[in-house]
Amino acid sequence: MTDCLFCRIVAGEIPATVVYETPATLAFRDISPKAPVHVLVIPKQHHADVAALGAADPALAGEVLASVAAVAEKEGLLEGGFRVVFNTGSAVGQTVFHAHAHVLGGRTYGDL
Ligand code: AMP
Ligand code: ZN
C-alpha cells in the first residue's frame, strides 16, 4: 500500500469531494480551503511535483492543465479570474509530494 495521500485518494482509500475526473486526472476540493473555490487537480499517476511531472510526461502535464480549465469553467471562475499554484518543494510550502495544481477563485488576490 502506498503512503502517498493523493495516490490513496485516487485509489478510493481516502474520501474526497470529487468535482471533475478524466481517465488521467482527478479534481477534488481542498480539505482546508484558502478561497471560496479551492480545488486540487492532480494526475492520477504519481509524480512528486510539477517539475518531475513536466519532465517525465509533458502530455500528462497538459492533461492536468486541460482539467484545470474544465474545473474553472465548471466552478464559474472564467469571468472573475482565478489563480493556479503548483507549490514545488518544501521550501515554498509543498506538503503533499504528489503533483497538484491549486485552483483558487472567488475572491481577489494581491500581487505575487
Ligand atoms: P501543498 O501545501 O501545496 O502540498 O498542498 C497540499 C494541500 O492538500 C493543502 O492545501 C491541504 O489542505 C490539502 N489536503 C491535505 N489533505 C487533504 C485531503 N485529505 N483532502 C483534500 N485536500 C487535502
Ligand atoms: Zn502519489
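Values in this document were obtained by computation on a predicted structure and should not be read as measured data.

S.K.: So what exactly am I meant to see when it comes to a nonpolar patch on the surface here?
M.R.: A cluster of nonpolar side chains, L78, F82 and V84, forms an exposed patch at the surface whose accessible area comes to about 250 Å². Here V84 lies in strand 4 (residues 82–85).

S.K.: Can you help me understand helix 3 (residues 58–74) in this one?
M.R.: Given 3.6 residues per turn, any residue in an α-helix points the same way as the ones three and four places further on. An ideal rise of 1.5 Å per residue puts 24 Å on 17 residues; helix 3 measures up with 24 Å between its terminal C-alpha atoms. Along helix 3, the residues classified as buried are L60, A61, V64, S67, V68, A70, V71 and A72. Against the buried residues of helix 3 lie strand 1 (18–21), strand 2 (25–29), strand 3 (37–43), helix 2 (50–56), strand 4 and strand 5 (101–105).

S.K.: Explain the site of ligand 1 to me, please; I cannot follow it from the model alone.
M.R.: Taken together, the neighbourhood of ligand 1 is formed by 16 residues, with D30, N87, T95, H100 and H102 sitting nearest. G93 is positioned such that a nitrogen or oxygen atom in its backbone is 2.9 Å from an oxygen atom of ligand 1. The separation between an oxygen atom of ligand 1 and a polar side-chain atom of H102 is 2.8 Å. Out of a free accessible area of 500 Å², ligand 1 has 85% covered by protein chains. Of all the elements in the fold, those that place two or more residues in the shell around ligand 1 are helix 1 (5–10) and strand 2. Examining the composition of the shell around ligand 1, we find that 3 residues originate from one element, helix 1, more than from any other. Taken together, the residues of the shell around ligand 1 sort by class into 7 nonpolar, 7 polar and 2 charged.

Analysis parameters
- Residue numbers here run from 1 along each chain, matching the order of that chain's written sequence.
- Just so you know, chain letters begin at A and ligand numbers begin at 1, following the order they were written in.
- Local features in a predicted model are, by the rule used here, given only for residues with pLDDT of at least 70; side-chain atom pairs are given and counted only at 80 or more, and totals for whole chains, interfaces and linings are based on all residues.
- To obtain the side-chain values, all non-hydrogen atoms of the structure were included, while hydrogens and water were left out.
- To count toward a patch, a residue needs a relative accessible area above 30% and no salt bridge. Like charges then connect within 9 Å, nonpolar side chains (Val, Leu, Ile, Met, Phe, Trp, Tyr) within 5 Å.
- Surface accessibility follows the Shrake-Rupley procedure with a 1.4 Å probe radius. Residue values consider only the protein chains on display as shielding.
- The salt bridge definition used is simple: a Lys or Arg side-chain nitrogen within 4 Å of an Asp or Glu carboxyl oxygen.
- Labels follow the DSSP assignment, with helices taken as runs of H or I lasting at least four residues and strands as runs of E lasting at least two, numbered in each case from the N terminus.
- An expected span of 1.5 Å times one less than the residue number is assigned to each helix.
- Only protein chains enter the accessibility calculation, which uses a 1.4 Å probe. A residue is then buried if its area is under 20% of the maximum for its type, exposed if over 50%, and partly exposed in between.
- Any two residues whose heavy atoms approach within 4.5 Å at even a single point are treated as in contact.
- Proximity is defined per residue: any heavy atom of the residue falling within 4 Å of a molecule or strand makes that residue near it.
- Identification of polar contacts relies on pairs of N or O atoms within 3.5 Å, with a donor-acceptor requirement for protein atoms, meaning one able to donate a hydrogen and the other able to accept it, and with residues adjacent in sequence counted only if both atoms are side-chain atoms.
- Residues are sorted three ways: Asp, Glu, Lys and Arg are charged, Ala, Val, Leu, Ile, Met, Phe, Trp, Tyr, Cys and Pro are nonpolar, and all the rest, Gly among them, are polar.

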